[in-house]
Amino acid sequence: MSRIVTVGAAQLGPIQRGDDRASVVARLLELLRQGAAAGCDLIVFPELALTTFFPRWFVEDITEADHWYETAMPSPVTAPLFEEARRLSVGFCLGYAELTPDGHRFNTQILVDKSGGTVAKYRKVHIPGHEHHEPDRPFQHAERYYFEPSDEGFGVWQAFGGRMGMMICNDRRWPESYRVMGLKGVEMILCGYNTPIHYVPDPSQDILQGFHNALVMQSGAYQNGTWVVGVAKAGVEEGVDSLGQSMIVAPSGQIVAQTLSTDDELITARCDLDWCRRYKETLFDFGRYRRPEVYGPITGQRGVTLD
Ligand code: CDT
């Protein structure tokens, strides 16, 4: 048996502070059309794909940052994406900053089907960086100021002929993200990211950014028998160099496609969702081999305890 989803990882190059939404949507539309021409069922865009990565600046009054957030999706400026998706019969996954009517701020990703309808919304669970202004840093990573962590957790949705999951950037470094979705039978995880090369708290990690990016997604794919599609906003954005290396990873943990540039670039792969069974029904047959009775600390505590 085979169940094929042809997926496109639509990496974006940098979005500068002065770039307006309309110009970014035009770039997304171009990638969407390239993907449709390549026979894609689904195009995955990065985290915060409509704007520059604004948490690199701090504002005293958070409402001064309201213009970076979307209050509706679709909105007049993003509606052409939904309309083009319907016209071309291709789905997409899009990351953006969400400001809810009651004033909550989330780092959000939506999954849209081939008719332009929203299948699901995911709000980022693991929020990295810091909550206060740190003036000595060369740039801020104040995601914890701009976004609250979602308590809704990780969902898996029936779409595109399979079981689709979503996570956002820092979520991909945590095995719990994959495993929660693995326990819901996920077959393809969609993940946008913005990863600065320079890790301010420990610069010795800078040279390892590409290695760590591949390490976490390849192991998450393998250990849960799922496809993983990781998509960067890459390149030098407002002076901050960000990792590219967007990739499509098979349930074996093998990388089947990877970007070569740090610009707008589409890579595609023909993903057979039935390949997931090779791992889910053998080495990682959860029902047969897992031992939840000894995993209690994973959900019972947050930090490390020493006896
Ligand atoms: N966007 C995002 O989550 N980026 C983080 C940066 C590392 S911590 C400042 C990441 O995990 O790639």
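Just so we're clear, the structure is a prediction, and the values are computed from it rather than from any experiment.

**Q** Please set out the sheet that holds strand β8 (residues 188–193) residue by residue, giving values where relevant.
**A** The strand order across the open sheet formed by six strands is β6-β7-β8-β9-β12-β13, and the pairing between neighbours is mixed. Here the strands that pair on one side only, and so sit at the sheet edges, are β6 (156–159) and β13 (255–258). Across the sheet, the axes of successive neighbouring strands diverge by a mean angle of 20°, strand direction being ignored. Alignment of strand β12 (residues 247–249) against β13, held across three bridges, turns out to be antiparallel. Opposite isoleucine 248, over in β13, you have alanine 257 as the bridge partner. Its contacts with the sheet put helix α4 (residues 175–182) on β6, β7 (162–168), β8 and β9 (227–232), and the angle it makes with β7 is roughly 160°. The strands touched by helix α5 (residues 209–224) within the sheet are β8, β9, β12 and β13, with β12 carrying the most contacts at an inclination of about 30°.

**Q** So what's going on with the packing of helix α1 (residues 21–37) against helix α2 (residues 79–88)? Which residues, and what values?
**A** In the contact formed by α1 and α2, the axes pass within 10 Å of each other and the chain directions differ by 10°. Our classification of the angle between α1 and α2 gives roughly parallel. Mapping the contact onto sequence places Val25, Leu28, Leu29, Leu32, Arg33 and Ala36 in α1 and Pro80, Leu81, Glu84, Ala85 and Leu88 in α2. Of the residues contributing to the contact of α1 with α2, the split by class is nine nonpolar, no polar and two charged.

**Q** Quick one: what's the story with the site of the ligand, residue by residue and with numbers?
**A** In the region of the ligand, 13 residues are neighbours, and Lys124, Cys169, Asn170, Arg173 and Thr195 sit closest. Here a nitrogen atom of the ligand and a side-chain polar atom of glutamate 47 are 3.0 Å apart. In the environment of the ligand, an oxygen atom lies 2.8 Å from a nitrogen or oxygen atom belonging to the side chain of lysine 124. Here the ligand has 360 Å² of accessible area as a free molecule, and 92% of this is covered by the chains. For the ligand, the cavity whose grid points lie within 2 Å of the majority of its atoms is the second largest pocket. When grouped by side-chain class, the residues that make up the shell around the ligand number four nonpolar, four polar and five charged.

**Q** Give me the lowdown on the pairing of strand β5 (residues 118–123), citing residues and values where you can.
**A** Inspection of the sheet shows strand β4 (residues 105–112) paired to β5 by five bridges, in the antiparallel sense. Residue pairing for β5: valine 112 is matched across the bridge by threonine 118. Linking β4 back to β5 in an antiparallel pair, the connection comprises five residues, with glycine 116 at a positive phi of about 85°.

**Q** Which residues make up the packing of α4 against α5, and what are the values?
**A** Put simply, α4 and α5 touch, their axes get as near as 10 Å, and they point 25° apart. In terms of their interaxial angle, α4 and α5 are classed as roughly parallel. Considering the relative orientation of α4 and α5, their crossing is right-handed. Here Tyr178, Arg179 and Gly182 of α4 lie close against α5, whose contacting residues are Val216, Met217, Gly220, Ala221, Gln223 and Asn224. In terms of residue class, the contact of α4 with α5 is made up of four nonpolar, four polar and one charged.

**Q** Tell me what's going on with the environment of glycine 95, and back it up with residues and numbers.
**A** Checked against the element boundaries, glycine 95 lands in strand β3 (residues 91–99). Judged by its relative accessible area of 1%, glycine 95 is buried. A C-alpha to C-alpha distance of 15 Å links glycine 95 and phenylalanine 154, two positions 59 residues apart in sequence. Ignoring any residue separated from it by four or fewer positions in sequence, one finds glycine 95 in contact with Pro46, Glu47, Leu48, Ala49, Leu50, Thr108 and Gln109.

**Q** If you had to explain the side chain of glutamate 47 to someone new, which residues and values would you point to?
**A** On the secondary structure map, glutamate 47 appears in the loop between β2 (42–44) and α2. Glutamate 47 sits in the buried class, given a relative accessible area of 0%. Polar contacts involving the side chain of glutamate 47 include one to the side chain of asparagine 107, which spans 2.8 Å. In contact with glutamate 47, not counting residues within four places along its chain, are Phe53, Gly95, Asn107, Lys124, Glu143, Ile168, Cys169, Gly192, Tyr193, Asn194 and Lys233.

Rules of the game
Residues numbered from 1 in each chain as written. Predicted model: local features only at pLDDT ≥ 70, side-chain atom pairs only at ≥ 80, totals over all residues. Heavy atoms only, no water. Pairing = 2+ DSSP bridges. Helix = DSSP H or I, 4+ residues; strand = E, 2+ residues; numbered from the N terminus. Axes fitted to C-alpha atoms, helices over the stretch in contact; angles between N-to-C directions. Contact = heavy atoms within 4.5 Å. Parallel < 35°, antiparallel > 145°, perpendicular 65-115°, else oblique. Nonpolar A, V, L, I, M, F, W, Y, C, P; charged D, E, K, R; others polar. Near = heavy atom within 4 Å. Polar contact = N/O pair within 3.5 Å; in protein donor to acceptor, adjacent residues only side chain to side chain. Areas by Shrake-Rupley, 256 points an atom, 1.4 Å probe, with all protein chains shown as cover. 1 Å grid on protein atoms, 1.4 Å probe; cavity = no way out; pocket = protein on both sides within 12 Å on 5 of 7 lines; lining within 4 Å. Sits in = over half its atoms within 2 Å of the grid points. Left-handed = near helix turned anticlockwise from the far one by under 90°. Buried < 20%, exposed > 50% of the residue type's maximum accessible area, 1.4 Å probe, protein only.

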